[in-house]
Amino acid sequence: LGWAYVSPDSHDGLWFWVEDHGWHWTREGVWPFMWSDGTANWLYLMKSGNRTFLYDYSTESFIPDF
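Read on for a plain summary of the structure. (Residues numbered from 1 in each chain as written. Predicted model: local features only at pLDDT ≥ 70, side-chain atom pairs only at ≥ 80, totals over all residues. Heavy atoms only, no water.)

Turning next to unusual backbone geometry. The residue after Trp31, namely Pro32, is reached through a cis peptide bond having omega 15 degrees. Tracing the backbone through its elements, the reader meets Pro32 in the loop between strand 3 (22-27) and strand 4 (33-36). The backbone of Glu60 shows a phi angle near 55 degrees, a positive value even though the residue is not glycine. (Helix = DSSP H or I, 4+ residues; strand = E, 2+ residues; numbered from the N terminus.)

This is the structure:
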């Protein structure tokens, strides 16, 4: 994910902020799914070669190079 600011929550999860993408939340058992505060919907992290993509369920599209 590159550089991210991480902050744990009180439910064994963590919030993390990524520049240009905002705040996201996940925890063990949920990862590689992440809640996006910006879209108020779920994202799914996947890799292909050396590229990382997110599938955004709110737009049913991929976000390249997350």
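There's plenty left to go through after this.
Here we come to a nonpolar patch on the surface. On the surface, Tyr5, Trp17 and Trp23 cluster together into a nonpolar patch covering about 290 Å² of accessible area. Within the element layout of this structure, Trp17 appears in strand 2 (residues 13-18). On the basis of relative accessibility, which here comes to 31%, the residue Trp17 falls in the partly exposed class. (Patch = residues over 30% accessible without salt bridge, like charges linked within 9 Å, V, L, I, M, F, W, Y side chains within 5 Å. Areas by Shrake-Rupley, 256 points an atom, 1.4 Å probe, with all protein chains shown as cover. Salt bridge = Lys/Arg side-chain N within 4 Å of Asp/Glu carboxyl O. Buried < 20%, exposed > 50% of the residue type's maximum accessible area, 1.4 Å probe, protein only.)

Further remarks concern the packing of aromatic side chains. A complete count under the given rule lists six aromatic pairs for this structure. A ring pair is formed by Tyr55 and Tyr57, whose centres lie 4.9 Å apart and whose planes are at 85 degrees; its orientation type is edge-to-face. A relative accessible area of 38% places Tyr57 in the partly exposed class. Put simply, the rings of Phe33, Tyr44, Tyr55, Tyr57 and Phe62 pair up and form one aromatic cluster. (Phe/Tyr/Trp six-rings, centres within 6.5 Å; stacked < 30°, edge-to-face > 60°.)

Before going further, it helps to spend a moment on the nonpolar core. By size, the foremost hydrophobic cluster in this structure holds six residues: Phe16, Val18, Met34, Leu43, Leu45 and Leu54. Listing elements by their share of this core, those giving two or more residues are strand 2 and strand 5 (41-48). (Core = buried A, V, L, I, M, F, W, Y, C linked by side-chain atoms within 4.5 Å.)

Relative to the assigned elements, Thr26 resides in strand 3. A distance of 3.4 Å separates a polar atom in the side chain of Thr26 from the backbone nitrogen of Trp31. Looking at Thr26, its side chain comes within polar contact range of the main-chain oxygen of Phe33, at 2.8 Å. When sequence neighbours within four positions are dropped, the list of residues in contact with Thr26 reads Gly13, Leu14, Phe16, Trp31, Phe33 and Met34. (Polar contact = N/O pair within 3.5 Å; in protein donor to acceptor, adjacent residues only side chain to side chain. Contact = heavy atoms within 4.5 Å.)

This part is about the pairing of strand 5. The pairing of strand 4 with strand 5 spans four bridges and is antiparallel. In the sheet register, Ser36 faces strand 5, and the bridge partner there is Asn41. If you look at the hairpin formed by strand 4 and strand 5, you'll find four residues sitting between the two strands, and Ala40 has a positive phi there, around 55 degrees. Alignment of strand 5 against strand 6 (residues 51-56), held across six bridges, turns out to be antiparallel. Note that in strand 6 the partner of Ser48 across the bridge is Arg51. Following strand 5, the chain reverses through two residues before pairing antiparallel with strand 6; Gly49 in that reversal takes a positive phi of roughly 65 degrees. (Pairing = 2+ DSSP bridges.)

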